[in-house]
Amino acid sequence: MDVSLAHIDIGTHTPGETMIYFYYIASFITLVLAIYACYLLIKLKKQKASLASSKSDFELKEHDKVASVVDSISSISKAMQQEQCPTIEGCIRLKVLIDQLRLDDLSRKPFEVFYTVYDKTSHIPTHEAWGKLEKRQKMAYTLEMNKIEVEHQEEIKKAVDTTVEKFSKAKEPLYTNIGSS
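Model, not experiment: these values are computed from the prediction. (Residues numbered from 1 in each chain as written. Predicted model: local features only at pLDDT ≥ 70, side-chain atom pairs only at ≥ 80, totals over all residues. Heavy atoms only, no water.)

1. Considering the overall build of the protein
Part 1 of the reasoning: In terms of regular secondary structure, the protein is built from 7 helices and 0 strands.
Part 2 of the reasoning: Going residue by residue from the N terminus, the α and β elements of the protein occur as α-α-α-α-α-α-α.
Part 3 of the reasoning: When the 181 residues of the protein are sorted by exposure, 24% land in the buried category.
Part 4 of the reasoning: Of all intrachain contacts in the protein linking residues separated by at least 6 positions in sequence, the fraction that spans at least 24 positions is 65%.
Part 5 of the reasoning: Working note: accessible area of the protein is about 13,600 Å², and carbon and sulfur atoms make up 60% of it. (Helix = DSSP H or I, 4+ residues; strand = E, 2+ residues; numbered from the N terminus. Buried < 20%, exposed > 50% of the residue type's maximum accessible area, 1.4 Å probe, protein only. Contact = heavy atoms within 4.5 Å. Areas by Shrake-Rupley, 256 points an atom, 1.4 Å probe, with all protein chains shown as cover.)

2. Quick notes on the layout of surface pockets
Part 1 of the reasoning: Space inside the largest pocket adds up to approximately 530 Å³.
Part 2 of the reasoning: Counting only elements with at least two residues in the lining of the largest pocket, the list comes to helix H2 (87-100), helix H4 (112-121), helix H5 (127-131) and helix H6 (135-151).
Part 3 of the reasoning: Per-element accounting of the lining of the largest pocket gives the leading share, 6 residues, to H2.
Part 4 of the reasoning: Among the residues forming the lining of the largest pocket, the class breakdown is 9 nonpolar, 6 polar and 3 charged. (1 Å grid on protein atoms, 1.4 Å probe; cavity = no way out; pocket = protein on both sides within 12 Å on 5 of 7 lines; lining within 4 Å. Points joined across faces, edges and corners; volume = space filled by probe spheres on them. Nonpolar A, V, L, I, M, F, W, Y, C, P; charged D, E, K, R; others polar.)

3. Quick word on the nonpolar core
Nonpolar side chains in soluble globular proteins generally cluster together in the buried interior.
Part 1 of the reasoning: With 29 residues, the main nonpolar core has Ile73, Met80, Ile98, Leu101, Phe114, Val117 and Ile156 as its most contacted residues.
Part 2 of the reasoning: Elements with a minimum of two residues in this core: helix H1 (15-81), H2, H4, H6 and helix H7 (153-169).
Part 3 of the reasoning: With 7 residues, H1 is the largest single contributor of residues to this core. (Core = buried A, V, L, I, M, F, W, Y, C linked by side-chain atoms within 4.5 Å.)

Next comes the structure, spelled out in structure tokens:
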């Protein structure tokens, strides 16, 4: 079987016809690229909407968390004012809660005594470990806590009063403004 390419006439198109084919192909490629660009644009808009929704949800959760922390701080400090909460325990709890607000040093300054008490009592066992202590050990630690409480009594009272004042008013706390003014 003899196959010859002589019967295929490649060069019989005029230059105008060749240009028309070229324009058809170029138009088709442009159309495909335009459709793909629209697809990417729609996909990008959906991603932006999803990101905005996620950001909004995160901000709402963060706001709720801060509101809960502020409410806890307010409740504990009021209980301390009314002597319904042990002073040392209240100081420790307030220090932990204030840390969750990530205040700057200047804003945290009025509450430094809570940090001091926390540092001075950090070696004392709590919860289950406290329950496992012998009576003599508990007495020694209780005496130590009483000394710390007496030593810082005025500072603690002032800090608790400041805490009640600042956090009871705070509906939407600003991290950097809670400790100022």
